[in-house]
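Per-entry structural report
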Amino acid sequence: MKYYDAIVIGGGLQGTSTAYFLAKKGLRVALLERDDIASGTASHTDGATLISDKQPGIDVLQGYHSVELYRKLVKEFSYDIEFESCGFMYVCETDQEMEAAADYAAKVSAQGFDMRVIDQKEMCERERYLAKDLKGGLWTESDGLVNPYKVCLGFVEEGRKYGLDVYTHHEVTGIRLNKKNQVEAVITDRETFLTDKVVNACGVWAPAIGNMVGLDIPIEPRKGILLVTEKSETIAHTEVLEFGYWLAKFFADFKRPVSELVERHNVCLNIETTHSGNTIVGGCRLFRGYDIKVEYEIMQAIAERAIRFFPILKDMNCIRSFGGIRPFCLDHLPIVSGVEEVPGFYIAAGHEGDGVALAPITGLLISQMITGEKTEFDATELAWSRFKNVDRKKLAAHGN
Amino acid sequence: MDSKFDDDMLVCRCEEVTVGEIKEAIAQGARDVVGVKRRTRAGMGLCQGRTCEKMVQQILCQELGISPEEAGCSSIRPPARPITFGTLAGGMKE
Ligand SMILES: Cc1cc2nc3c(=O)[nH]c(=O)nc-3n(C[C@H](O)[C@H](O)[C@H](O)COP(=O)(O)OP(=O)(O)OC[C@H]3O[C@@H](n4cnc5c(N)ncnc54)[C@H](O)[C@@H]3O)c2cc1C
């Protein structure tokens with residue numbers, strides 16, 4: 001039987017990043033993925049790498065560290081992950097949104113990060129196709145974009161240079177613990193691997209892996225749908241979100257002046273033009289189980305909302321749509337942590353709508369926890385122990 | 001092995017992907033049509049693989065010695081053919 005210093009389960013964003021950083025530190029590492037690399041949420045997502053779109057505090061802090069890491073990684077990688085530092089814009093439709101946005105920006109800047117209010121004029125200079133009747137917005141210069149599945153393939157290819165072993169089409173079916181409840185082996189549908197350190201990086205499927213060692217991991221799938229345009233000139237020069245997207249993420253009862261259709265499906269604009277010249281337009285946040293089917297009505301609502309902000313889209317073609325599921329964690333923070341009651345078991349999951357942005361920092365933190373180094377910053381707030389002896393219902397903050 | 005596919009031959013015209021690039025993707029671990037698509041963009045263009053999917057399948061079968069069923073096909077997602085955002089927003093089905 002093969003022995004590894006550490007085994008990472010899940011070939012998505014968190015798993016490939018974790019495997020890469022562990023291999024780089026000189027450990028003998030295996031990455032196990034039940035399908036192909038990036039076949040989970042990693043290939044059903046946008047690619048925004050933001051410090052924005054997070055809550056002030058540890059959430060913004062980890063976003064900052066992760067975006068900076070992306071900047072370093074692209075210099076080291078020979079594999080192109082299509083990183084672009086294009087900046088990020090929130091756009092506000094009403095004065096009420098503008099007020100909430102200014103308050104949010106003040107909190108983020110107070111933390112020392114760059115996010116500022118911009119007026120309608122600056123907004124339209126940066127985005128020439130934006131509707132002219134908006135109130136203004138927020139601007140974060142350091143934010144950007146990557147190609148999410150290329151990030152996974154990049155971590156794998158670069159990790160292999162440090163000796164990383166990759167086993168695709170290996171589904172983990174069990175984890176063996178010894179009498180002291182410590183990790184001893186990982187069992188797949190094809191082989192058993194010996195190890196005393198295992199990382200659960202299975203995104204929305206992390207609860208099933210948790211069950212294998214008796215843990216109840218509070219992650220649920222939160223669905224999104226995206227539309228893809230034909231190739232064209234650049235429609236969005238930066239990454240753009242309506243500020244209502246942020247409000248809708250954290251405040252379930254927030255109301256916007258929108259049609260019944262848009263309201264019912266919780267549709268908020270997000271838009272980016274990718275490296276390939278296609279523009280990706282979204283989106284929505286819905287609890288619909290593991291189903292990623294695209295509902296026609298939601299496509300309709302997204303198109304309506306998109307034209308509201310980018311009228312030019314009206315005559316452009318949609319060539320494809322797809323759905324994806326975000327690993328939503330009960331209190332909106334990912335779990336990046338060891339598990340005291342199961343020594344050798346680590347969790348790197350629950351990143352909801354930020355798992356692309358946060359992949360580098362998550363991988364680095366877990367690798368530091370496993371080797372026993374000091375972590376990049378104090379990550380106590382991301383610890384598994386936050387769910388111990390608390391009423392989970394009270395932690396829950398979810399709406400639609 | 002005698003190959004009927006020349007490396008320079010264009011497979012996906014929309015995204016300009018050659019046989020050589022598809023073989024490279026297979027060497028990197030792609031095992032089916034979707035795996036090739038993610039690594040090369042073959043099938044991601046305007047025609048959504050309607051023209052090239054069969055050929056990508058054949059290259060996979062030849063390189064990996066698998067059946068067309070195993071090489072699979074791309075997942076079908078709406079719209080069935082390009083449709084403008086305006087038409088979509090108006091609630092008209094293609
Ligand atoms: C529509 C949409 C838009 C988004 N936009 C953004 C964005 O702009 N920016 C951003 O930062 N984030 C965004 N996100 C969120 C981001 O995509 C996720 O947070 C991220 O993909 C989660 O990464 P992960 O590695 O945890 O999960 P995944 O990428 O899903 O990886 C988990 C992997 O585990 C594998 N697996 C599961 N079970 C097993 C098993 N038993 N054995 C072996 N392998 C197994 C799966 O096959 C999968 O490959 C978006 C998400 C959606 C749905």
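Scoring rules and cut-offs
Residues numbered from 1 in each chain as written. Chains lettered and ligands numbered in written order. Predicted model: local features only at pLDDT ≥ 70, side-chain atom pairs only at ≥ 80, totals over all residues. Heavy atoms only, no water. Pairing = 2+ DSSP bridges. Helix = DSSP H or I, 4+ residues; strand = E, 2+ residues; numbered from the N terminus. Axes fitted to C-alpha atoms, helices over the stretch in contact; angles between N-to-C directions. Contact = heavy atoms within 4.5 Å. Buried area = accessible area lost by both parts, 1.4 Å probe. Salt bridge = Lys/Arg side-chain N within 4 Å of Asp/Glu carboxyl O. Parallel < 35°, antiparallel > 145°, perpendicular 65-115°, else oblique. Left-handed = near helix turned anticlockwise from the far one by under 90°. Nonpolar A, V, L, I, M, F, W, Y, C, P; charged D, E, K, R; others polar. Buried < 20%, exposed > 50% of the residue type's maximum accessible area, 1.4 Å probe, protein only. Lys, Arg positive; Asp, Glu negative; His and termini not counted. Polar contact = N/O pair within 3.5 Å; in protein donor to acceptor, adjacent residues only side chain to side chain. Near = heavy atom within 4 Å. Areas by Shrake-Rupley, 256 points an atom, 1.4 Å probe, with all protein chains shown as cover. Domains from an automatic or database assignment. Disulfide = S-S within 2.5 Å.

Bringing the sheet that holds strand β20 (residues 345-349) of chain A into the picture now. Residue and element names in this part refer to chain A. An order of β9-β3-β2-β13-β20-β19 is seen for the six strands of this open sheet, with the pairing classed as mixed. Because the sheet does not close on itself, it has two edges, and the strands there are β9 (165-167) and β19 (335-338). Taken over all neighbouring pairs, the strand axes of this sheet differ in orientation by 20 degrees on average, direction set aside. Pairing analysis gives four bridges linking β19 to β20, with the strands arranged antiparallel. Along β20, the bridge assignment pairs S337 with I347.

This part takes up the environment of A:Q62. Structurally, A:Q62 is set in helix α2 (residues 58-76). Beyond its immediate chain neighbours, meaning those up to four positions away, A:Q62 contacts A:L333, A:P334, A:L358, A:I361, A:F377 and A:L382.

The interface of chain A with chain B comprises 38 residues on the first partner and 32 residues on the second. Buried surface at the junction of chain A and chain B, both sides included, amounts to about 2,900 Å², of which 54% is carbon and sulfur. By the criterion of area lost to chain B, the three top residues of chain A are A:Y296, A:I319 and A:R320, representing 24% of everything that side buries. Between the two partners, chain A and chain B, sit two salt bridges. Close ionic contact of A:K231 with B:E15 constitutes a salt bridge, the shortest N to O distance being 3.0 Å.

With that settled, consider the packing of helix α1 (residues 19-27) of chain B against helix α2 (residues 33-40) of chain B. A packed helix pair is summarised by two numbers, namely the angle formed by the two axes and the spacing between the axes. All names here are of chain B. It is the contact of α1 with α2, at a shortest axis distance of 9 Å, that shows an interaxial angle of 110 degrees. Considering the angle they form, α1 stands roughly perpendicular to α2. Remark: the crossing between α1 and α2 carries right-handed chirality. Between α1, through E21, I22, A25 and I26, and α2, the contact on the second element is made entirely by V36, R39 and T40. When its residues are assigned to classes, the contact of α1 with α2 shows four nonpolar, one polar and two charged.

All names here are of chain A. Looking at the element boundaries, R326 is found in strand β18 (residues 317-329). At 5.8 Å, E352 is the nearest oppositely charged side chain to R326, a buried residue that forms no salt bridge. One polar contact links R326 to Y245, side chain to side chain, over a distance of 3.1 Å. Here the side chain of R326 touches C284 through a polar contact of 3.0 Å, landing on its backbone oxygen. If we ignore the near neighbours within four places in the chain, the residues touching R326 are V204, E220, P221, R222, K223, G224, Y245, C284, R285, E352 and G353.

What follows deals with the site of the ligand. Residues and elements named next belong to chain A. Surrounding the ligand, one finds 38 residues, the nearest of these being E33, T41, A48, E352 and A357. Within the backbone of L13, one N or O atom sits 3.0 Å away from an oxygen atom of the ligand. Between the ligand and T45, the relevant distance is 2.9 Å, taken from an oxygen atom to a side-chain nitrogen or oxygen of the residue. Isolated, the ligand exposes 1,000 Å² of accessible area, and the fraction of that covered by the protein chains is 96%. Listing elements by their share of the shell around the ligand, those giving two or more residues are α1 (13-24), β14 (219-229), β18 and α10 (355-371). Counting residues per element, the shell around the ligand draws most heavily on β18, which supplies four residues. Residue composition of the shell around the ligand, grouped by class: 15 nonpolar, 16 polar and seven charged. Residue assignment places the shell around the ligand across two domains, with domain 1 (2-44 + 149-217 + 331-398) and domain 2 (88-141 + 220-329) each supplying three or more.

Throughout the structure, instances matching the rule amount to zero disulfides over all chains. Of the cysteine sulfurs around A:C86, a residue in no disulfide, the closest is that of A:C124, at 18 Å. By relative accessible area, which is 14% here, A:C86 ends up buried. Cysteine B:C61 remains unbridged, with the sulfur of B:C73 as its closest cysteine sulfur at 12 Å. Note on B:C61: relative accessible area 17%, which makes it buried.

A few words on the sheet that holds strand β11 (residues 183-188) of chain A. All names here are of chain A. Spatially, the four strands line up as an open sheet ordered β1-β12-β11-β10, and their pairing is mixed. Sheet topology places β1 (2-3) and β10 (172-177) at the edges, where each strand pairs with a single neighbour. Summarising the sheet, β11 and strand β12 (residues 192-194) pair through three bridges and their orientation is antiparallel. Pairing of I187 across the sheet is with T192, part of β12.

Attention now goes to the domain arrangement of chain A. Interface size, as often reported, equals the accessible area lost upon joining of the parts. Residue and element names in this part refer to chain A. Under the domain assignment used here, chain A contains domain 1 (2-44 + 149-217 + 331-398) and domain 2 (88-141 + 220-329). Distance from the C-alpha centre of domain 1 to the C-alpha centre of domain 2: 30 Å. Residue-level contacts link 17 residues of domain 1 with 17 residues of domain 2. Buried surface at the junction of domain 1 and domain 2, summed over both partners, amounts to about 1,500 Å²; 65% is from carbon and sulfur atoms. Between domain 1 and domain 2 we count two salt bridges in total. Across the salt bridge formed by R285 and E352, the nearest N and O atoms sit 3.7 Å from each other. Considered class by class, the residues forming the side of domain 1 that touches domain 2 number five nonpolar, eight polar and four charged.

Here the idea is simple: oppositely charged side chains can pair when their charged atoms come close. Residue and element names in this part refer to chain A. Applying the stated criterion across every chain yields a total of 34 salt bridges over all chains. Residues K150 and E82 are paired through a salt bridge, measuring 3.1 Å at the closest nitrogen-oxygen approach. Of this pair, K150 sits in helix α5 (residues 148-160) while E82 is found in the loop between α2 and β5 (88-92), placing the two residues 68 residues apart along the sequence. Of the residues examined, E82 reaches a relative accessible area of 14% and is grouped as buried. Taken together, the shared-partner salt bridges in this structure form one network comprising E93, D133, E242, R256, R305 and R308.

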